[in-house]
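# Coordinate analysis (summary)
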Amino acid sequence: MKPRRTVATKDRSPMSVLHFGAGRGTRLGLAAYEEFNASSPWTLMPTFVDAQPGTALAMVHEARERGIPAQSLEARVEDFIDQLPTSEQTACVVVALDHGEPIATIIEHTPPSIFVLGTLVIKIPSGPLYGLSFCLGPNDLEERRMVAQLFRRIGAVTLPRGSNSTFGELGDLGDRAGEPFLRAALAHRMAGILRKTIARLRPEVSPLELTADLGATAMPVFVVERSSSDDDPTRLAESTLRRVARPVLRGEPFAIAELIDHETIRFHICRLRGDGQVIVDGASQFDTDGVERDLVATRTQMAIARAEANTLSPTLPVLTTD
């Protein structure tokens, strides 16, 4: 039998990834590059961009120790953003920064032909720990605008405390214990997204997603600007589903990031029931029409109270980390 000849594509030049950030999130997320390189005939080579002296270079050393080819560039986002490469020069742009403003800037300046993806961990003081992730490609130009707007609003209400306030000795014990699970889940998800984006295929994720259970599940997020003074989260969720072009599967959760003014954001966790009714944060648990009518006012008040607990503003600031 004539032997079959194969081509070892590992001998090809590595594919370049522009990676903004070289902090805690990047270090704990290196597993995404490891997983990709181990499961693909191609090799990704991230270029870590960070302004803090020596940080990007240290990340290169750690990456190479783990078998990941890497380069470093010491620069601020605002100094480098106008020099973003074309799709012929880089496979995709990855963002792992701890502040919403530069994340928004990178999303806005990444050429439409290049996928831009990243994560941000949000901790609402005395409240939940959220993991936000985004993957924006050539078909998500409108989503890019809204997602960038959301991150810029998040940046405006962020306390400059660093990751130690969330996951260090100053952080909540439950959050510290849950971080390894959240980071592992985000890295595994990132590796899967990279496999699609490198092949110029549409990833099997929503443009913006949120996890509220340490990465066990992820739900799509719709960013909306409040168009009226109506505070009822259920009516907001219902009107959002009528407007969005992306499908929502019945029985599964979704989230709404409501931009109320220049400084305020509210997160609503919702679910589309099997009968088509929208539940906001599990406030409605009754099926009998009569009971539902009697509890409409109470249900609305409960939903508003939960929304206010998940509100971000200058007087209700948030902690973020890469």
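Note that the structure is a prediction, hence the values are computed from the model and not measured. Per chain, the residues get numbers from 1 upward, laid out in the order the sequence is written. Side-chain atom pairs in this predicted model are given and counted only at pLDDT of 80 or more, local residue features only at pLDDT of at least 70, and totals for whole chains, interfaces and linings cover all residues. Calculation of side-chain values draws on the structure's entire complement of heavy atoms; hydrogens and water are dropped beforehand.

### Description of the overall build of the protein
Heads up, the rule is: Only DSSP runs of H or I with at least four residues qualify as helices, and only runs of E with at least two residues qualify as strands; both kinds are numbered from the N terminus onward. For each residue, the accessible area found with a 1.4 Å probe, counting protein chains only, is set against the maximum for its type, and the residue is called buried under 20%, exposed over 50%, and partly exposed in between. For accessible areas, the Shrake-Rupley method is used with a probe of radius 1.4 Å. Any residue's cover is judged against the shown protein chains and nothing else.
Looking only at helices and strands, one finds 11 helices and 13 strands in the protein. A burial count over the protein gives 49% of its 322 residues as buried. In the structure as shown, the protein presents an accessible area of about 15,800 Å², 52% of it carried by carbon and sulfur atoms.

### Remarks on the pattern of salt bridges
Where charged atoms from two side chains of opposite charge come close, those side chains can pair. Operational definition: For this analysis, a salt bridge means a side-chain nitrogen from Lys or Arg found within 4 Å of a carboxyl oxygen belonging to Asp or Glu.
Evaluated as defined, the whole model comprises 18 salt bridges. Across the salt bridge formed by Arg 273 and Asp 275, the nearest N and O atoms sit 2.6 Å from each other. A single salt-bridge network, built from bridges that share partners, covers Asp 140, Glu 143, Arg 202 and Arg 246.

### What to know about the side chain of Thr 119
The cut-off we apply is this: Pairs of residues are marked as contacts when any of their non-hydrogen atoms sit within 4.5 Å.
With respect to the secondary-structure elements, Thr 119 resides in strand S5 (residues 116–123). Its relative accessible area of 13% is what places Thr 119 among the buried residues. Non-local contacts of Thr 119, meaning those with residues more than four positions away in its chain, are made with Val 95, Ala 96, Leu 97, Leu 132, Ser 133, Phe 134, Leu 186 and Met 190.

### Things to note about the pairing of strand S7 (residues 208–211)
Our working definition: For two strands to count as paired, DSSP must find a minimum of two bridges between them.
Because side chains alternate across S7, one face comprises the buried residues Leu 208 and Leu 210, and the other comprises Glu 209 and Thr 211, equally buried. Across four bridges, the pairing between strand S6 (residues 129–136) and S7 is antiparallel. Bridge pairing in S7 places Ser 133 opposite Glu 209. One ladder, built from two bridges, connects S7 with strand S8 (residues 219–225); its direction is antiparallel.

### Comments concerning the side chain of Arg 273
Note that Arg 273 resides in the loop between strand S10 (265–272) and strand S11 (278–280). Note on Arg 273: relative accessible area 13%, which makes it buried.

### Comments concerning the packing of helix H5 (residues 100–109) against helix H6 (residues 141–156)
Angle between the axes and distance between the axes: these two values describe a pair of packed helices. What counts here: To get an axis, a line is fitted to the C-alpha atoms, and for a helix only the part in contact is used. The angle between two axes follows their N-to-C directions and goes from 0 to 180 degrees. The cut-offs work like this: below 35 degrees is roughly parallel, past 145 is roughly antiparallel, 65 to 115 is roughly perpendicular, and the gaps in between are oblique. In this scheme the crossing of two helices becomes right-handed for a clockwise turn of the near helix relative to the far one and left-handed for an anticlockwise turn of less than a right angle. Throughout, the ten residues Ala, Val, Leu, Ile, Met, Phe, Trp, Tyr, Cys and Pro are labelled nonpolar, Asp, Glu, Lys and Arg are labelled charged, and all others, Gly among them, are labelled polar.
In the contact formed by H5 and H6, the axes pass within 7 Å of each other and the chain directions differ by 160 degrees. Classified by the angle between their axes, H5 and H6 sit roughly antiparallel to one another. For the pair H5 and H6, the crossing hand works out as left-handed. In this structure, H5 uses Gly 100, Glu 101, Ile 103, Ala 104, Thr 105, Ile 107 and Glu 108 to contact H6, whose residues at the interface are Arg 144, Val 147, Ala 148, Phe 151, Arg 152 and Gly 155. Classifying every residue of the contact of H5 with H6 gives six nonpolar, three polar and four charged.

### With respect to unusual backbone geometry
Positive phi outside glycine occurs at Arg 200, with the angle close to 60 degrees. Assignment of secondary structure puts Arg 200 in the loop between helix H8 (173–198) and S7. Judged by relative accessible area, Arg 200 falls into the partly exposed class, the value being 40%. The phi dihedral of Leu 214 falls on the positive side, at around 60 degrees, and the residue is not glycine. Looking at where Leu 214 falls in the secondary structure, it is placed in the loop between S7 and S8. Residue Leu 214 is classed as partly exposed on the basis of its relative accessible area, which comes to 33%.

### Re the state of the cysteines
Condition: In what follows, a disulfide is any cysteine sulfur pair within 2.5 Å.
Under the counting rule described, the total for this entry stands at zero disulfides. Counting only cysteine sulfurs, Cys 135 is the nearest neighbor of Cys 92, a cysteine outside any disulfide, at a range of 8.4 Å. Overall, Cys 135 belongs to the buried group, its relative accessible area being 5%.

### Quick notes on the confidence of the model for the protein
Going by this rule: Confidence scores per residue from the predictor, reported as pLDDT, run from 0 to 100.
Scored by pLDDT, the protein has a mean of 83; 84% of the residues are at 70 or more. Across residues 3–9, where pLDDT falls below 50, the model places two contacts with residues more than four positions away in sequence or in other chains. Between residues 282–300, whose pLDDT stays under 50, and residues either more than four places distant or in other chains, the model counts 16 contacts.

### What to know about helix H9 (residues 233–243)
We apply this condition: Contacts described as polar in this section are N or O atom pairs within 3.5 Å, which, within protein, must combine one atom able to donate a hydrogen with one able to accept it, while residues neighboring in sequence count only if both atoms come from side chains.
What H9 keeps buried is the set Pro 233, Thr 234, Leu 236, Ala 237, Ser 239 and Thr 240. Its side-chain oxygen at 3.0 Å from the backbone nitrogen of Thr 234, Asp 232 defines the N-terminal cap of H9.

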